[in-house]
Amino acid sequence: MSHDPARGRRVRDAILQRHIHKTLALAAELDVSAAAVSRWQNGGHLSLESACALAELLDVSLDWLLLGRGTIDWHRDNSVSAAEIGWIVGLRARPDRIRRLLVELLEAIPPSAPLR
């Protein structure tokens, strides 16, 4: 991936937020050179393979790390539970009229009200 100073800032932020203070130890964990980690922090070339390994090791969102989309912990916030999948499948099995009514009902509930 080409030079991207904003991505470099996100890499630095992720490393700091995860309290990693030893670049050499991080590099060893990722099986890359310390110079590579430094280059990433400055927005230099970052392969997709290295980005995936870095995101996994630091437990950060790959979308956020590479593109700045979402938040650093976005990957944690968007998981869909088995119950939610069951509700979606159940909703799809309903007739159109019932589906529309259920969607209207859900949209009428204020966001602050907890759904159970």
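Everything quoted here is computed from the prediction, not taken from an experiment.

Conventions we followed
Residues numbered from 1 in each chain as written. Predicted model: local features only at pLDDT ≥ 70, side-chain atom pairs only at ≥ 80, totals over all residues. Heavy atoms only, no water. Buried < 20%, exposed > 50% of the residue type's maximum accessible area, 1.4 Å probe, protein only. Helix = DSSP H or I, 4+ residues; strand = E, 2+ residues; numbered from the N terminus. Arc of directions from axis to C-beta. Contact = heavy atoms within 4.5 Å. Salt bridge = Lys/Arg side-chain N within 4 Å of Asp/Glu carboxyl O.

Colleague: Would you take a moment to explain helix α4 (residues 48-58) for this structure?
Modeller: Three- or four-residue spacings in an α-helix give side chains the same orientation, since the helix completes a turn every 3.6 residues. Restricting attention to buried positions, one finds in α4 the residues Ser50, Ala51, Leu54, Ala55 and Leu58. The arc enclosing the buried residues of α4, seen along the axis, measures out at 130°, which places them on a common side. In α4, those exposed residues whose orientation departs by more than 90 degrees from the buried face are Leu48, Glu49 and Glu56. Elements in contact with the buried residues of α4: α1 (5-17), α2 (23-30), α3 (34-41) and α5 (62-67). Positioned one or two residues after α4, Asp59 has a phi angle of 55°, which is positive.

Colleague: Honestly, the pattern of salt bridges in this entry has me stumped. Any pointers?
Modeller: Oppositely charged side chains can form a pair if their charged atoms are brought close together. One pass over the structure, following the stated rule, counts three salt bridges. A salt bridge links Asp63 to Arg69, with the shortest nitrogen-to-oxygen separation between them at 3.2 Å. For Arg69, a relative accessible area of 44% puts it in the partly exposed group. Between Asp96 and Arg99 there is a salt bridge, and its shortest N-O distance comes to 2.0 Å. Within this pair, Asp96 and its partner Arg99 are both found in helix α8 (residues 96-108), separated by three residues, close to a single helical turn. Asp96 sits in the partly exposed class, given a relative accessible area of 46%. Classification of Arg99 by relative accessible area gives partly exposed; the value is 25%.

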